[in-house]
Structure formats: C-alpha cells, structure tokens
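Residue-level structural notes
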Amino acid sequence: MKKDKKEKSRSLWADQLLEGLCELLFYLVILAGAFLLMLLFGIDEADEGVIEILMIPSGLVVCLLVGIVMLIHYLVKCHKRAKELKKIYKQLKPKYNIFLMTVTRKKDDQMVDFPIIRGKTGEGKFELSKDGDGFIFSVERLSGPIEGRKSEFHLTSSDEAIQCIEKFMSGEG
C-alpha cells in the first residue's frame, strides 16, 4: 500500500513538472517567433511593446501548428484502432447488412470514440468492438428470458469474431 502512495505522489509531481516545462517551452517558442518576426520586418530596436505585439501573431501560428499536430495524432490513432475491424467489415459486408461506425462512450470518466461493427437481424442486434489485443462481441436479443437477452463474449482473434458474426447473422447463434 505504501509503495502505491509513493508512486502516485511521484507520478503527480512528475506530471506537474512536465506540465510546467511544457508551458515554459510553449512561451519560449512564441517569444522566439516574435524575435523571428522582428528580424523579418527589419526592426532593429526592441521598442516598448513591439515584442508584445509581435507575440500575438507568433502565438496564433504556434497554436495553429499545435492544433494541426494534435489533429493528425488523433486521426492516426483512430485509424490504427479501427484497422482490424475494417478488415473484418470488408470481408463480411458483401454477405450481411452490417455497419462500421464510431460511437462515443464513457471510459475512465472520459468520453472516448470507439470504432465498432454493428449488425441487426429479426432476432436482435450485435456490436463488435476492439479491446486491447482481442475483441468484445455483445449481443442483445429481442426474445427469450429477460436475464439472457444481453450477453457479451471476449474473443481473442479476428477469425473468432468473424465466426461469431456469421453465426449471429445466419440465425445459428
């Protein structure tokens, strides 16, 4: 127990230090951009207020660049997460009426986007999502006892996921 508290306090301290260093780096990059603008415009003297005025467009450019980098990172992360699901979807789409979509769900007190494959038959509906190295196959049936209508299976491979979807969509499972 004591080790966990020490690790948490070190982690908190390290996170705060890293956050402070990032803020300083952000400010220094904006300041360097302002000095670069001074050089580009041929301003030799640092008159009162010139640096502060030039920090505004420099800050806007830095914020824009950081936003673009964050957007690219998010898109690459989403693409990697959905890669195996896309393979399964491409293989089964010609046979069955299934959809590849992204849903937003709460995970660890944060809203997170999850790619899923969803399908529906007269018996019910299913969802297949990625979970670490495996998959989660959730089924919700329209008929039967109330306790057994919802079920969830943890699958280890894409072949198992394909078999479960085919069983469900053909009415066997």
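A brief look at the structure comes next. (Residues numbered from 1 in each chain as written. Predicted model: local features only at pLDDT ≥ 70, side-chain atom pairs only at ≥ 80, totals over all residues. Heavy atoms only, no water.)

**Here's the deal with the overall build of the chain**
Assigned secondary structure in the chain consists of 4 helices and 5 strands. Helices and strands in the chain line up, N terminus first, as α-α-α-β-β-β-β-β-α. Looking at the chain residue by residue over its 173 residues, the buried ones come to 25%. Here the contacts in the chain between residues at least 6 apart in sequence split such that 35% fall between residues at least 24 apart. (Helix = DSSP H or I, 4+ residues; strand = E, 2+ residues; numbered from the N terminus. Buried < 20%, exposed > 50% of the residue type's maximum accessible area, 1.4 Å probe, protein only. Contact = heavy atoms within 4.5 Å.)

**Focus on the packing of helix H3 (residues 83-92) against helix H4 (residues 158-170)**
To characterise two packed helices, one gives the angle between the axes of the helices and the distance between these axes. Look at H3 against H4: their axes get within 11 Å of each other, and the N-to-C directions meet at 40°. With respect to their mutual orientation, H3 and H4 come out oblique. Helix-helix and strand crossings are classified by hand; for H3 and H4 the assignment is right-handed. Residue-level inspection shows Ile88, Gln91 and Leu92 of H3 in contact with H4, the latter providing Ser158, Ala161, Ile162, Ile165 and Glu166. Classifying every residue of the contact of H3 with H4 gives 5 nonpolar, 2 polar and 1 charged. (Axes fitted to C-alpha atoms, helices over the stretch in contact; angles between N-to-C directions. Parallel < 35°, antiparallel > 145°, perpendicular 65-115°, else oblique. Left-handed = near helix turned anticlockwise from the far one by under 90°. Nonpolar A, V, L, I, M, F, W, Y, C, P; charged D, E, K, R; others polar.)

**Some remarks on H3**
Considered for burial, the residues of H3 that qualify are Leu85, Ile88, Tyr89 and Leu92. When H3 is viewed along its axis, its buried side chains cluster within an angular range of 100° and face the same direction. Along H3, exposed side chains directed more than 90 degrees from the buried face belong to Lys87 and Lys90. Looking at the buried residues of H3, the elements they touch are strand E1 (98-107), strand E2 (110-120), strand E3 (124-131), strand E4 (134-141) and H4. (Arc of directions from axis to C-beta.)

**A closer look at the side chain of Lys130**
If you trace the backbone, Lys130 turns up in strand E3. There is a polar contact of 3.1 Å between the side chain of Lys130 and the side chain of Glu84. (Polar contact = N/O pair within 3.5 Å; in protein donor to acceptor, adjacent residues only side chain to side chain.)

**Examining the pairing of E3**
The buried fraction of E3 amounts to 6 of the 8 residues, a majority that puts the element mostly inside the structure. Connecting E2 to the antiparallel partner E3 that follows it, the hairpin turn spans 3 residues. (Pairing = 2+ DSSP bridges.)

**So, the nonpolar core**
Residues Ile88, Ile98, Ile117, Phe126, Leu128, Phe137 and Ile165 are the most contacted members of the largest nonpolar core, which totals 18 residues. Of all elements in the fold, only H3, E3, E4 and H4 reach the threshold of two or more residues within this core. A per-element tally of this core places H4 first, with 5 residues. In this structure Ile117 touches Leu85, Ile88, Tyr89, Ile98, Phe99, Leu100, Phe126, Glu127 and Leu128, once residues within four positions along its chain are discounted. In terms of nonpolar packing, the next biggest core, distinct from the first, is built from 10 residues, Leu31, Met38, Val50 and Leu54 among them. (Core = buried A, V, L, I, M, F, W, Y, C linked by side-chain atoms within 4.5 Å.)

**Concerning the sheet that holds E1**
The strand order across the open sheet built from 5 strands is E1-E2-E3-E4-E5, with neighbouring strands paired in antiparallel fashion. Two strands in the sheet have a free side with no partner beyond their single neighbour: E1 and strand E5 (150-155). In this sheet, neighbouring strand axes are inclined to one another by 25° on average, regardless of whether the strands run parallel or antiparallel. Of the pairings in the sheet, the one linking E2 to E3 comprises 5 bridges and is antiparallel in character. Its bridge partner being in E3, Arg118 is matched across the sheet by Glu127. Sheet strands touched by H3: E1, E2, E3 and E4. Its angle to E1, the strand with the most contacts, is close to 150°.

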